[in-house]
Amino acid sequence: SQELEQSPQSLIVQEGKNLTINCTSSKTLYGLYWYKQKYGEGLIFLMMLQKGGEEKSHEKITAKLDEKKQQSSLHITASQPSHAGIYLCGADMAAGNKLTFGGGTRVLVKP
Amino acid sequence: ETGVTQTPRHLVMGMTNKKSLKCEQHLGHNAMYWYKQSAKKPLELMFVYNFKEQTENNSVPSRFSPECPNSSHLFLHLHTLQPEDSALYLCASSQAGLGEAQYFGPGTRLLVL
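To keep things clear, this report deals only with the structure shown in the data block. (Residues numbered from 1 in each chain as written. Chains lettered and ligands numbered in written order. Predicted model: local features only at pLDDT ≥ 70, side-chain atom pairs only at ≥ 80, totals over all residues. Heavy atoms only, no water.)

1. Details of the side chain of B:S38
Mapping B:S38 onto the fold places it in the loop between strand 4 (31–37) and strand 5 (44–50). In this structure, B:S38 is in contact with B:E44 and B:A87, ignoring residues within four places of it in sequence. (Helix = DSSP H or I, 4+ residues; strand = E, 2+ residues; numbered from the N terminus. Contact = heavy atoms within 4.5 Å.)

Shown next as structure tokens:
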């Protein structure tokens, strides 16, 4: 099994609907990073969470880190076609600058 | 534009060829990374450089040879690759240290025939 599990692996949502992606580890995370990737392209940094219970928002995207620092969620409100892509969570598990990534969640927004 | 550029964007090479991937960052960062992204596998860290010194080699085969001549440039030299090495190779940079976000380049799509 992977050190960092993402769920679901893929989802299709109707435009205007909300969606949530989860990222879970069995270990305490020193930092949790969310990225978005268009197919075959590089990763775009979205948000970073470090403190237990921390929550950050940017436009219609909200990310949370639980108090135990083992689980994070990414929530998109009123999804739009521009939200389509692959969302990846990356985590610092060893208090350094090495990131371990989840398998990614492929999001498709139907107009 | 993330401030990290990679060339070439696409590369096809035979198993006996030697080629190099180039990465350049314009963000003033002092840590650089190579990652490999294969189909149906999570993004895998290959190498880490902090202040031009290699601090991580994640059990990468010797047919991949990194080079970091300065904090802004990173190379990945390739020789006698195998078809299973076909993947998207991503470069990233960050400030060295804890809690620093990594910024990625667009990647080089490599096909080994």
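2. Thoughts on the state of the cysteines
Each disulfide consists of one covalent bond between the sulfur atoms belonging to two cysteines. Evaluated as defined, the whole model comprises two disulfides over all chains. Across the disulfide, A:C23 is cross-linked to A:C89 (sulfur-sulfur distance 2.0 Å). Its S-S torsion of about 80° marks the bond between A:C23 and A:C89 as right-handed, since a negative value means left-handed. One end of the pair, A:C23, is in strand 3 (residues 19–25); the other, A:C89, is in strand 9 (residues 85–92), with 66 residues separating them in the sequence. A:C23 sits in the buried class, given a relative accessible area of 1%. For B:C23, the disulfide goes to B:C91, at an S-S distance of 1.9 Å. Sign of the S-S torsion, about -75° for the bond between B:C23 and B:C91, identifies this disulfide as left-handed. (Disulfide = S-S within 2.5 Å. Buried < 20%, exposed > 50% of the residue type's maximum accessible area, 1.4 Å probe, protein only.)

3. Some details on the pairing of strand 5 of chain B
Residue and element names in this part refer to chain B. Buried residues dominate strand 5, accounting for six of its seven residues. Where strand 4 lies against strand 5, six bridges are found, and the strand directions are antiparallel. Along strand 5, the bridge assignment pairs K36 with E44. Here strand 4 folds back onto strand 5 in antiparallel fashion, the turn holding six residues, of which K40 has a positive phi close to 65°. Here strand 5 pairs with strand 6 (residues 53–57) via four bridges, running antiparallel. Bridge pairing in strand 6 places N50 opposite E53. The loop that links strand 5 with its antiparallel partner strand 6 comprises two residues; one of these, F51, has a positive phi angle of about 50°. (Pairing = 2+ DSSP bridges.)

4. Thoughts on empty space enclosed by the protein
Here the idea is plain: a probe the size of a water molecule rolls over the atoms and shows the empty space left. A full pass over the atoms with the stated rule returns one cavity of 30 Å³ or more. The computed volume of the largest cavity comes to approximately 30 Å³. Contributing to the lining of the largest cavity are A:Y33, A:D92, A:G96, A:N97, A:L99, B:G97, B:L98, B:G99, B:E100 and B:Q102. Residue composition of the lining of the largest cavity, grouped by class: three nonpolar, five polar and two charged. (1 Å grid on protein atoms, 1.4 Å probe; cavity = no way out; pocket = protein on both sides within 12 Å on 5 of 7 lines; lining within 4 Å. Points joined across faces, edges and corners; volume = space filled by probe spheres on them. Nonpolar A, V, L, I, M, F, W, Y, C, P; charged D, E, K, R; others polar.)

5. Quick look at the packing of aromatic side chains
All names here are of chain A. Under the defined criterion, the tally for this structure stands at nine aromatic pairs over all chains. For the ring pair Y35 and F45, a centre distance of 5.8 Å and an interplane angle of 65° mean the geometry is edge-to-face. Of this pair, Y35 sits in strand 4 (residues 31–37) while F45 sits in strand 5 (residues 43–49), placing them 10 residues apart in sequence. A residue is classified by how much of its surface remains accessible, and Y35, at 0% relative accessible area, is buried. Taking 5.9 Å as the distance between ring centres and 50° as the angle between the ring planes, the aromatic pair formed by Y35 and F101 counts as tilted. (Phe/Tyr/Trp six-rings, centres within 6.5 Å; stacked < 30°, edge-to-face > 60°.)

6. Structural notes on the environment of A:I76
All names here are of chain A. Note that I76 resides in strand 8 (residues 71–76). The class for I76 is buried, based on a relative accessible area of 0%. For the pair I76 and K56, spaced 20 residues apart in the sequence, the C-alpha separation amounts to 12 Å.

7. A closer look at unusual backbone geometry
A:P8 follows A:S7 through a cis peptide bond whose omega is -5°. Residue placement: A:P8 occurs in the loop between strand 1 (4–7) and strand 2 (10–14). In the segment running from B:T7 into B:P8, the intervening peptide bond is cis, with an omega of -10°. Residue placement: B:P8 occurs in the loop between strand 1 (4–7) and strand 2 (10–13). Within the chain, A:E59 stands out as a residue other than glycine whose phi angle is a positive 55°. Within the element layout of this structure, A:E59 appears in the loop between strand 6 (55–58) and strand 7 (61–65). The exposure class assigned to A:E59 is exposed, which follows from its relative accessible area of 74%. In the Ramachandran plot, B:K52 falls in the positive-phi region, its phi being about 70° despite a non-glycine side chain. Here B:K52 falls in the partly exposed class, since its relative accessible area comes to 43%.

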